[in-house]
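Residues per chain, in single letters:
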Amino acid sequence: MNPLLQIDNLATVLHTGAAPVWAVDGLTLQILKGETFALLGESGCGKSMTALSIMRLLPEAGEIVSGSVRIGEEDLLLLPEAAMRNVRGRRISMIFQEPMLSLNPVMTVADQIGEVLRRHFNLSGAAAQERVLEILNQVGIPDAARRMNEYPFQFSGGMKQRMMIAMALAGEPELLIADEPTTALDVTIQAQVLDLMRGLQQRGGMAILLITHDLAVAAEMAHRVAVMYAGEIVETATRENFFSGPAHPYSQKLFASLPGKAMRKQGLRLAAIGGNVPALSREFVGCRFADRCDHAWELCHEIAPRWNVVAGGHQVRCHLFNKDTSPSVQDPELGSQRLEATVADSEGSMKSGSRTPLTSESGDSSPYLLSVTGLKVYFPIHKGLMKSITGYVKAVDGVSLTIGQGKTLALVGESGCGKTTAGKGILQLIPPSAGSVRYNGLELVGMERKRLRKMRAEFQLIFQDPYSSLNPRMRIVDIIEEGMDALSVGGRGEASHAGPHSAGKKGRVDTLLESVGLPPETKWRYPHEFSGGQRQRVAIARALAVSPRLIVCDEPTSALDVSVQAQILNLLKDLQSSLGLAYLFITHNISVVEYIADEVAVMYLGRIVEQGRVEEVLDHPRHPYTQALLSAVPVIDLASKRPIIHLHGDLPSPANPPSGCHFHPRCPHAMPICRERYPETSAFSSTHTARCYLYPQEQDSA
Amino acid sequence: MLNYIIRRVLYAIPILIGVNLITFTLFFVVNSPDDMARMQLGIKRVTPEAITKWKQERGYDKPLMFNDAVEGTEKFTRTIFFEKSVAMFAFDFGRADDGRDIAHEIKTRMLPSLAIALPVFLLGLFVYIFFALTMVFFRATYVDFWGVVLCVALMSISSLFYIIGGQFLISKMWHLVPISGYGSGWNAAKFLVLPVIIGVISGAGASTRWYRTIFLEEMGKDYVRTARAKGLSESLVLFRHVLRNAMIPILTGAVVLIPLLFLGSLIAESFFGIPGLGSYTIDAINSQDFAVVRAMVFLGSLLYIIGLILTDISYTLVDPRVRLE
Amino acid sequence: MSFKPIILWTDALVYLLVIVIIAFVWYVRRNEYLLAPWRRVGHSASGMAALTVLTFFIAIGLLDTVHIRPAIENSNGSSGEKAYSVEVLSLLDIIATPLRTRVEKTYSAPFAAFLYTKETAELPDGRQIREFPRLQFGGAHLQNPETELAADVAWKAGVGGGLGLLLWGLVVVSLTGLLANRRDEKFLSAFSAIWRGSTQVPWNAICITLALLLLFCGAALALSGSYHIFGTDKVGQDVFYQSLKSIRTGLVIGTLTTLMMLPFALLLGITAGYFRGWVDDAIQYLYTTLSSIPSVLLIAATVLMMQVYIESRPELFDTIAARADLRLLFLCIILGVTSWTGLCRLLRGETLKLREMEYIQAAHAFGVSHWRIISRHILPNVMHIVLIATVMDFSGLVLAEAVLSYVGVGVDPSMISFGTMINAARLEMAREPMVWWALLAAFSFMFALVLSANLFADAVQNAFDPRARTLSAKAIILRRRRHEENPQAQSVSPTVEGSSKP
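Residues numbered from 1 in each chain as written. Chains lettered and ligands numbered in written order. Predicted model: local features only at pLDDT ≥ 70, side-chain atom pairs only at ≥ 80, totals over all residues.

1. A few points about the overall build of chain B
Thinking step 1. Within chain B one finds 15 helices and 0 strands.
Thinking step 2. In terms of its C-alpha atoms, chain B occupies a principal-axis envelope of roughly 80 × 60 × 35 Å.
Thinking step 3. Looking at chain B as a whole, 43% of its 325 residues are labelled buried.
Thinking step 4. Taking as baseline every contact in chain B between residues at least 6 positions apart, the subset at least 24 positions apart corresponds to 66%. (Helix = DSSP H or I, 4+ residues; strand = E, 2+ residues; numbered from the N terminus. Buried ≥ 20, exposed ≤ 12 C-beta atoms within 10 Å, placed from the backbone. Contact = placed C-beta atoms within 7 Å.)

2. Side note on the interface of chain A and chain C
Thinking step 1. Between chain A and chain C, the residue contacts involve 36 residues of the former and 27 residues of the latter.
Thinking step 2. Residue assignment for the side of chain A that touches chain C shows that the elements contributing at least two residues are strand E1 (5–14), strand E2 (21–31), strand E4 (62–71), strand E18 (459–462) and helix H17 (476–487) of chain A.
Thinking step 3. A total of 4 residues in the side of chain A that touches chain C trace back to one element, the largest contributor, which is H17(A).
Thinking step 4. Of the residues contributing to the side of chain A that touches chain C, the split by class is 15 nonpolar, 11 polar and 10 charged. (Nonpolar A, V, L, I, M, F, W, Y, C, P; charged D, E, K, R; others polar.)

3. Some details on the interface of chain C and chain B
Thinking step 1. Listed as interface residues are 47 residues of chain C and, on the opposing side, 51 residues of chain B.
Thinking step 2. Those elements that place two or more of their residues in the side of chain C that touches chain B are helix H10 (277–292), helix H11 (295–311), helix H14 (370–407), helix H15 (418–426), helix H16 (437–464) and helix H17 (473–485) of chain C.
Thinking step 3. Taken together, the residues of the side of chain C that touches chain B break down into 32 nonpolar, 9 polar and 6 charged.

4. Observations concerning helix H20 (residues 562–579) of chain A
Residues and elements named next belong to chain A.
Thinking step 1. Helix length check: H20 (18 residues) gives 25 Å between terminal C-alpha atoms against 26 Å at 1.5 Å per residue, within 8%.
Thinking step 2. For H20, every residue scored as buried is listed here: Val 562, Ser 563, Val 564, Gln 565, Ala 566, Gln 567, Ile 568, Leu 569, Asn 570, Leu 572, Gln 576 and Leu 579.
Thinking step 3. Looking at the buried residues of H20, the elements they touch are helix H11 (249–256), strand E15 (408–412), helix H19 (532–544), strand E20 (582–587) and helix H21 (590–596).
Thinking step 4. Trailing H20 by a residue or two, Gly 580 shows a phi angle of about 70°, which is positive. (Expected span 1.5 Å × (residues − 1).)

5. A word on the pairing of strand E22 (residues 607–613) of chain A
All names here are of chain A.
Thinking step 1. Taken across its 7 residues, E22 has 7 buried, putting it largely inside the fold.
Thinking step 2. Across 6 bridges, the pairing between strand E21 (residues 599–604) and E22 is antiparallel. If you follow Glu 599 over to E22, its bridge partner there is Arg 613.
Thinking step 3. Between the end of E21 and the start of E22, which pair antiparallel, lie 2 residues, with Leu 605 showing a positive phi angle near 50°.
Thinking step 4. Of the pairings in the sheet, the one linking E22 to strand E24 (residues 689–691) comprises 2 bridges and is antiparallel in character. Bridge pairing links Gln 611 to Thr 689 in E24. (Pairing = 2+ DSSP bridges.)

6. What to know about the packing of helix H3 (residues 45–63) of chain C against H16(C)
Two numbers describe a pair of packed helices, the interaxial angle and the distance between the axes.
Residue and element names in this part refer to chain C.
Thinking step 1. Relative orientation of the contacting elements H3 and H16 amounts to 135°, with a least axis distance of 8 Å. Regarding the angle of H3 to H16, the classification is oblique. Seen along the crossing, H3 lies across H16 with a hand that is left-handed. Where H3 approaches H16, its residues Ser 46, Gly 47, Ala 50, Leu 51, Val 53, Leu 54 and Phe 57 are matched on the opposing element by Ala 448, Leu 449, Ser 452, Ala 453, Leu 455, Phe 456, Asp 458 and Ala 459.
Thinking step 2. Residues belonging to the contact of H3 with H16 are distributed by class as follows: 11 nonpolar, 3 polar and 1 charged. (Axes fitted to C-alpha atoms, helices over the stretch in contact; angles between N-to-C directions. Parallel < 35°, antiparallel > 145°, perpendicular 65-115°, else oblique. Left-handed = near helix turned anticlockwise from the far one by under 90°.)

7. Description of the nonpolar core
Thinking step 1. A:Leu175, A:Val602, C:Ala300 and C:Ala442 are the most contacted members of the largest nonpolar core, which has 428 residues in total.
Thinking step 2. Residue contacts for A:Leu175: discarding those within four places in its chain leaves A:Leu4, A:Leu5, A:Ile31, A:Ile71, A:Arg91, A:Ile92, A:Met206, A:Ala207 and A:Leu209. (Core = buried A, V, L, I, M, F, W, Y, C linked by C-beta atoms within 7 Å.)

8. Some details on the domain arrangement of chain C
Thinking step 1. Annotation of chain C at the domain level lists domain 1 (111–228) and domain 2 (246–474).
Thinking step 2. Computed from C-alpha atoms alone, the centre-to-centre distance between domain 1 of chain C and domain 2 of chain C is 35 Å. (Domains from an automatic or database assignment.)

9. Things to note about the sheet that holds E4(A)
All names here are of chain A.
Thinking step 1. The strand order across the open sheet formed by 4 strands is E2-E1-E4-E5, and the pairing between neighbours is antiparallel. The sheet terminates laterally at E2 and strand E5 (74–75), the two strands that pair on one side only.
Thinking step 2. Strands in contact with helix H1 (residues 47–55) are E1, E2 and E4; relative to E2, the strand with the most contacts, it is inclined by about 70°.

10. A short note on helix H5 (residues 125–138) of chain A
All names here are of chain A.
Thinking step 1. With 14 residues, H5 should cover 20 Å at 1.5 Å per step; its first-to-last C-alpha distance of 20 Å lies within 8% of that length.
Thinking step 2. All of the buried residues along H5 are Ala 128, Val 132, Ile 135 and Leu 136. Buried residues in H5, looked at end-on, bunch into an arc of 100°, giving them a common side. Within H5, the exposed residues directed more than 90 degrees away from the buried face are Ala 126, Ala 127, Glu 130 and Glu 134.
Thinking step 3. Structurally, H5 contributes buried residues whose contacts are with helix H4 (109–121), helix H6 (144–147) and helix H7 (157–170).
Thinking step 4. Gly 140, located one to two residues past H5, shows a positive phi value of around 75°. (Arc of directions from axis to C-beta.)

Written out as structure tokens, the structure is:
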């Protein structure tokens, strides 16, 4: 069978810095008609540049220096620009990662789709309108006839990505390139969009080149998979072969670094890949992964490996699989190490808290380190002539939770549900509108600024974006010392249970850096010299500097690649067991929750809908929202096709939440009563509660 | 949306009051009317009688804010502040030193000012956008590079040079149009050609370069890549997608200037002898006619504020995100 | 001591500025991350060439800033108290004494030996004729100007230019030696590196600019000893001298204005953005109100009032120079007051963005005080905006001075500036035959100053603001051209082998 797309030896260079960056270097792949081909890789490995090279839409600094890209019989790289334009949008379409930015903000949706029809089918007027409507219905835009004349900003993120897909479909392409199409979307929306893409492909028979960093998304969508590393493909296989036995050491590491329930149950540390992705401006002699590979030997550093066949269509670029060069019989663990762990499923409870370390005893009355009751954070909406307050955005609307010493509570929810605001409200970085936050029995809400300042050493914060969480103008040592100076801890022998402080402040900075796995001499450097993961380590060291007992982690790994995420999660776990830290772990990533949390609280539109111990909630979700959320998370599971509970529509606005249960407009089990009153708590065990009318309501909390 | 506009209009009121207070402070508090009188009458040989007479003629012989000598509300109205500053809200600007009514003078001089400023504005907008688009279309080629160099060079030349050079070359050497002056009706046209051309050229460097930056910034956005991915040609991408988005900052930046066109241009008008508000102001500055300068300051900020309101309205017209929210 | 040093107001501020700049340079040199964008400035050919020219202007401006009052000789013998002249001179005045003192009667054209207007002269025999009289100084050494002038000018220009080039040669040789020494390579290879432009800092561009500069300076210096190279004005003053004196005025206005407004803009902009709420409303109201008055009108009104103020208090100033200087300072302040609003708005916007940054949230979580957050986190992160605004404003202010002085609301008429030169010369355009040289000299000097300032500002903006790509197209063109010339250099992939797929 002839491939639809055949790329040979493609090399793309970016001329941005002093030395040219070989973003794509000798890439070869083929995509068959009607198949989904997933190109997997971490950020910066060149997968997006590959896609843009195929479309010949490289940024100005980019340049294709060699290779060929054939679709059918035509080599796209030899076509004149005018002919290439006939290919773009017609034979190959593309959708991008950020649907918010990828649509023209001042043109209506119908105009933007109609443009494709006019360009490639010479369709205009009523015929075009009709076709636009047809396509929009196809991608599942409700009320398309009316909404087609609206502007992109009037649609939600998921809807915008549907628009992008509609635009791509309008040309009836043979190949659709989807560059991280769901990375910017929430899980439930991601499930909708992936479903849509799968359905469209089955009906239309077009091929999809799916570019993703998410192994699970690839497992759910792809027929064949290729793994990219440092500008080249290192492994290519069918979905079944790849997910049942990844061959390249890099692929194996990727699997092993995925957090999840199984890893936690076995008490395994996540496999982190040491070091960093090499700079693509340098020249490579041997295998590009050799420096970070556990199996590397001299040959790997000297000669770049060629393609070796593992089985059938499963090929890998690694010396281990070359019978002639391999030093020994294949490593027994290779290819099998991780798999049972991934595929194996639930049952069996785990003893939570068995590893709870000794914590500094507390003579306080409260059994919890932190207890929050009825926390509300409202933001006023100013409207009308005089900008009077007409309503409130109820970002956090009555959240109650508790965290014990040395425990981890995960606060889970989709974007916009108020989880970050809740974290900041708890730390008094945003003044709460109502409710109480007790830390060690002390009420923080309304505490005067001076006393609160003294307390701040007790609870700290780690942020999501490692790039904006460190001041680029300050050295690491200044960054870490800032908190110590402000709270006058460290160096002067104040209470600190995080290592020796005899050597003074500078000595303490060294100790801190070592405890987060950075060499002490890095303290004289500036943040821009560090990678994302290293910056996150610095941010952790900064928080630890004042010896807190509670750390609010606000999506600390969501901006990081999986292998780096594994490093940070390992570090956080280690610190917890050695220092007895309690974490409030805010995240949208269920597999991280499974790995790190003791308890979990699920938030929807400013309220907690279900909470309990992690195995209770994740294994036996009771609230329909939790159930839908969990079912929407893609998993690497080749055997069974789990049913996905589809949620309709998007998260409503917290300024105007639906009456009664906030979830009822999207709930598959909604009953009349759901529209009227917010449900009371239903308890399933002493720790597991949910708020839903499906279960018997507790009477006492009226 | 209506609310939004009404709110902007209401917001203009405190600003106008602020401007009024600033001008009052500047003209009557920093220097007393006596100082001004002495300045105008000549420092050396001034007599107290002359000063009193000067102040009486202009109505500056009253207290600044509060008049003890009279009764009732007149305590506040028979003051310099009320008669000179508050009265400006009713467009009562008083009389100039030559005895003419300033409001009337402004009315008759607006038209000649507009006759130069409006063509310069419209032609300029068109020409600058055209050249900026050309440079962006040929970006990263020598057309673009030398275009930018030319812009920087044009920016570095004093506007006075454009006027003097233009007058010298076109009027004096080639005798194509009269060197200065103004006529009525269509006769004015031949006097206007040169100032308009020079006005457009002297603004070319900075504006073209600025528009080019705006266009380039838009070119870097993701939706442009989407448009190219549809297979649209580069000119279609430029005209249908980039131009429309770039017009939002360009138009709104330009709209604020429209009311100010009535004020004309100080320098061009005085060089070309056009009887507009610009030359009126210059003459007033040179003869130290404080009343006229004060009136022009107030008028200028009034027009600017109208421009701001128009800008807000124009936002709602060109940007659906503002219109529909 | 035969003179008394005088520090006028603007002198003091210029000295302050120089100290600030030196401190800034010293600070930047110690911080790698601060140095990085300046390196990028240093690698821009147009920027460095412009800087070379600017340095020349700045040197003249600084020479003109050191003011003294010379002692008046033998005023009253032995009383021990020296009397000082009311005339305030600068170092530049003293160096250029010949230019300053050789005053003709009235107009003369550049390189002329005769006056530009006919005068009635009495011949020895008593007859009166109308003729162009010889100049007192310009070309006075010539016996027969009609025949000798061209050759003499050419000879003097040649000698001066030659000396300039000689000096240039010395500079280049010592520069090459220095570079060779620092980079530990042979003199010749360092020289060829400069020549081919393969050094990181574009020394070749700097050298070429310097060559042109020294060539012109040499020629001008040699000629100005015996000619009025730019002619003389109505009262016979040398136009070249006036042009040199104008440089300081332009520089002072371009730099001090920003210095004056920076504290306002920084304080108010950051306060508004950081504290928000009513503070923000109040500051926004303030700058909206101020900026709603068209700036020319506000400046005109304020300068008029300042004139009244200064005129009615003549006792405040002991010399004309002091009065003119104070007026210059006031002009800077007024320009500053009318122009701080733009920067303030920018800073407010940037602070609004910064205050949401996570590192500031982290500082809040440590209970760091507002003042420390502003000084350690916000201020260093908005400095690039301040810097860009400063260099971008400079050229606009120099141009504005000319216009304002023309309108009559600029510097003191007794102060030599580009504006007063143009103002005085514009009426001469109407003369028949025309007197064009004063205008041309003023415009040329101003053009050179403003153009180099603009090019330098461009380089600074490119280096500090990644979004601005005003001249970067050049790099892409050069790359493409290199690629076309030498395509095989690009296609040698480091790992072409090993990528054959079965």
